[in-house]
Amino acid sequence: MRLTIPLPALLRRMLLASAGLAVFALGNFLTVKANIGQAPWNVFNLGLANYLPMTYGQVSILVSFLVVAADLLLREPIGLGTLLDAVLVGAFFDLYDAAGLLPEITVWWVGALAMLAGMVLMALSQYLYMSACIGCGPRDALLVGVGKRLRRIPIGGVSILIAGTVLLLGWLMGGQVGAGTVLFLVGNGVVMQMVFHLIRFEPRNLVHVGLHQLLSRERDGVER
């Protein structure tokens, strides 16, 4: 059995994906510290945390693996990037929080700017780690899987549809909802669509290497 991707190239992809995930966690951290209402996935995670003796980061990791199950049902490839996302986003978030990287913002307009900055960072980071093509993160695999079945809807619109569903579930579990939650619900999809359009990135067109494709008896080809 041999790797279908040369080891140095695979390590470069894993480094790119990990860097992107660190940036994504930072963007997510900014949206939480904005203190004007949590993002939909945060509402869901925080709502679930009301019922589990776990930190936010630990709940995020748990939810990521639950989303992986949904990705498998949608027949999206599960790769090293998927596993890295499931572990690293929550771990990096807890690291930023433990380091006291940013205090909780108390001025509304500053919080709005922080949330906007977080959304831009998250969109850029999605491009970075998804471009590694070693598997989307659990939530992005869900986004792509649903998006492939709704081709006529821009990917930003698909993001809003999924986020709206997640938000409703989180709210029902007691997750905190504020004005910024609605801002993020709509704004994140719009910002994502704008950023992806500017850099000419369509995640539904990427071909990822899944775990089952990573090892082969014969080398089928070399990517990047």
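Residues numbered from 1 in each chain as written. Predicted model: local features only at pLDDT ≥ 70, side-chain atom pairs only at ≥ 80, totals over all residues. Heavy atoms only, no water.

Draft legend 1. Representation of the state of the cysteines in the model. This structure, assessed with the given rule, holds zero disulfides. For Cys133, which is in no disulfide, the shortest distance to another cysteine sulfur is to Cys136 and amounts to 8.3 Å. On the basis of relative accessible area, Cys133 is assigned to the buried category, the value being 7%. Note on Cys136: relative accessible area 3%, which makes it buried. (Disulfide = S-S within 2.5 Å. Buried < 20%, exposed > 50% of the residue type's maximum accessible area, 1.4 Å probe, protein only.)

Draft legend 2. Here's a closer look at a nonpolar patch on the surface. On the surface, a cluster of nonpolar side chains totalling about 420 Å² of accessible area is made up of Leu16, Tyr127, Leu128, Leu198 and Ile199. Within the secondary structure, Leu16 sits in helix 1 (residues 7-33). (Patch = residues over 30% accessible without salt bridge, like charges linked within 9 Å, V, L, I, M, F, W, Y side chains within 5 Å. Areas by Shrake-Rupley, 256 points an atom, 1.4 Å probe, with all protein chains shown as cover. Salt bridge = Lys/Arg side-chain N within 4 Å of Asp/Glu carboxyl O. Helix = DSSP H or I, 4+ residues; strand = E, 2+ residues; numbered from the N terminus.)

Draft legend 3. Broad picture of the pattern of salt bridges. In total, this model carries three salt bridges according to the counting rule given. The partner of Glu202 in a salt bridge is Arg204, and the shortest N-O contact between them spans 3.0 Å. Classification of Arg204 as buried rests on a relative accessible area of 7%.

Draft legend 4. Looking closely at helix 5 (residues 108-130). Taking 1.5 Å of rise per residue, 23 residues should cover 33 Å, and helix 5 covers 33 Å from first to last C-alpha, within 8% of that figure. Along helix 5, the residues that are buried comprise Gly111, Ala112, Ala114, Met115, Gly118, Met119, Met122, Ala123, Ser125, Gln126, Tyr129 and Met130. Residues of helix 5 that are buried in the fold lie against helix 1, helix 4 (80-98), helix 6 (138-149) and helix 8 (179-198). (Expected span 1.5 Å × (residues − 1). Contact = heavy atoms within 4.5 Å.)

Draft legend 5. Main features of unusual backbone geometry. Even without being a glycine, Asn35 presents a positive backbone phi close to 60°. As for its placement among the helices and strands, Asn35 is situated in the loop between helix 1 and helix 2 (40-49). Exposure remark for Asn35: the relative accessible area of 32% places this residue in the partly exposed category. Its identity as a non-glycine residue notwithstanding, Arg200 has a phi of 55°, on the positive side. By secondary structure assignment, the location of Arg200 is in the loop between helix 8 and helix 9 (211-214). The exposure class of Arg200 is exposed, given its relative accessible area of 80%.

Draft legend 6. Main features of the side chain of Gln126. Relative to the elements of secondary structure, Gln126 occurs in helix 5. Classification of Gln126 as buried rests on a relative accessible area of 5%. Ignoring sequence-local partners within four residues, the contact set of Gln126 consists of Phe24, Ser131, Asp140, Leu143, Met192, Phe196 and Phe201.

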